[in-house]
Amino acid sequence: TRQYLNITSKNFQDEIRKGPIIVMKYVRSCLHCLQLFKMLEESIRLSSLRFGVLNCPVGKCDRSSNKDYNKFSDMTREEPPEFVFISCHPGTGSFRGTPNAFDTTIIAHYFGPIEVDFLKVWIMMKTKNDEAYDVSPWWWFNLIRTIHFANSAIVGCFQIVGIPPTADDVACIFSIVCLFVFASPCILLFLWTKSTSTPNSNKKKRV
């Protein structure tokens, strides 16, 4: 049996309380969405993680009075597919007679490339389960994980300043950071070479 279900605004709260879940936002006409779904389905079957889907007919998901659902349904890309990890931790206390008033819902949008290996590593990082999501060789796995850590840091910076991040924004900042990291040593080497060659040229002129 398949380990995924259709998520709607009506069953959202009940489903997330049952345990962690990965939700793919898609449109039925998206062939790429269906291909990704089939590729990820086998890996997810090997784990206890549930896989949900949310149909967004016009490329935008419906809204609800539930704040957590609206946060989950916010689009970070111009079009599906999108992936979101959701984990709910029910509270044990009460507030003014209301049980579970301190529920904590973790909603993590995926901002990386829409590629199977990248998605597998991201899911592994969220679920802390690396047995069902084999990505090899080891250097490729570690490179992908480093990229995800960098994306998380960029998303955190956006959230600190109060700007809702999009996948395009994160990719742009990541490219700029990579360019700076790789270009800086070249610039420093050029400046060092120029500074060390200047005295030699002055000595030749004096002679």
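Rules behind the numbers
- Residues numbered from 1 in each chain as written.
- Predicted model: local features only at pLDDT ≥ 70, side-chain atom pairs only at ≥ 80, totals over all residues.
- Heavy atoms only, no water.
- Patch = residues over 30% accessible without salt bridge, like charges linked within 9 Å, V, L, I, M, F, W, Y side chains within 5 Å.
- Areas by Shrake-Rupley, 256 points an atom, 1.4 Å probe, with all protein chains shown as cover.
- Salt bridge = Lys/Arg side-chain N within 4 Å of Asp/Glu carboxyl O.
- Lys, Arg positive; Asp, Glu negative; His and termini not counted.
- Charge placed at Lys NZ, Arg CZ, Asp CG, Glu CD.
- Helix = DSSP H or I, 4+ residues; strand = E, 2+ residues; numbered from the N terminus.
- Buried < 20%, exposed > 50% of the residue type's maximum accessible area, 1.4 Å probe, protein only.
- Phe/Tyr/Trp six-rings, centres within 6.5 Å; stacked < 30°, edge-to-face > 60°.
- Lys NZ or Arg CZ within 6 Å of the ring centre and 35° of its normal.
- Expected span 1.5 Å × (residues − 1).
- Disulfide = S-S within 2.5 Å.

1. Overview of a negative patch on the surface
Stage number 1. The grouping of Glu78, Glu79, Asp168 and Asp169 at the surface amounts to a negative patch.
Stage number 2. Mapped onto the fold, Glu78 is located in the loop between helix H3 (67-73) and strand E4 (82-89).
Stage number 3. Residue classification places Glu78 among the exposed residues on the basis of a relative accessible area of 74%.

2. What about the packing of aromatic side chains?
Stage number 1. Under the criterion given, the structure shown has seven aromatic pairs.
Stage number 2. Seen in terms of ring centroids, Phe37 and Phe51 are 5.1 Å apart; in terms of plane orientation they differ by 25°. Their pairing is stacked. On the criterion of sequence distance, the pair formed by Phe37 in helix H2 (residues 31-45) and Phe51 in strand E3 (residues 50-55) is long-range, its members being 14 residues apart. Each member of the pair, Phe37 together with Phe51, is buried.
Stage number 3. Each residue in the set Phe12, Tyr69 and Phe72 is aromatic and connected to the rest through ring pairs, giving one cluster.
Stage number 4. It is Lys25 that lies over the ring of Phe72; its NZ or CZ is 5.4 Å from the centre.

3. Re a nonpolar patch on the surface
Stage number 1. Judged by side-chain polarity, Ile173, Ile176, Val177, Phe180, Val181 and Phe182 come together as a nonpolar surface patch covering roughly 610 Å² of accessible area.
Stage number 2. Along the chain, Val177 falls in helix H6 (residues 167-206).

4. What about helix H4 (residues 116-127)?
Stage number 1. Helix length check: H4 (twelve residues) gives 16 Å between terminal C-alpha atoms against 16 Å at 1.5 Å per residue, within 8%.
Stage number 2. The buried fraction of H4 is high, at nine of twelve residues.
Stage number 3. Those residues of H4 not exposed but buried are Val116, Phe118, Leu119, Lys120, Val121, Trp122, Ile123, Met124 and Met125.
Stage number 4. A positive backbone phi angle near 60° is found at Lys128, which sits one or two residues after H4.

5. What about the state of the cysteines?
Stage number 1. Using the criterion set out here, one finds two disulfides in the structure.
Stage number 2. A sulfur-sulfur distance of 2.3 Å marks the disulfide that ties Cys30 to Cys33. What sets the handedness of the Cys30 and Cys33 disulfide is the S-S torsion sign, and at about 85° it is right-handed. An identical accessibility class is assigned to Cys30 and Cys33; each is buried.
Stage number 3. Sulfur-sulfur distance for the disulfide between Cys56 and Cys61 comes to 2.2 Å. Here the S-S torsion is close to 65°, and the disulfide linking Cys56 with Cys61 is therefore right-handed. Summarising the burial analysis for this pair, Cys56 and Cys61 share the class buried.

6. Re helix H5 (residues 138-160)
Stage number 1. An ideal rise of 1.5 Å per residue puts 33 Å on 23 residues; H5 measures up with 33 Å between its terminal C-alpha atoms.
Stage number 2. If you check which residues of H5 are buried, you get Phe141, Ile144, Ile147, His148, Asn151, Ile154, Val155 and Phe158.
Stage number 3. One or two residues past the end of H5 sits Gly162, with phi positive at roughly 80°.

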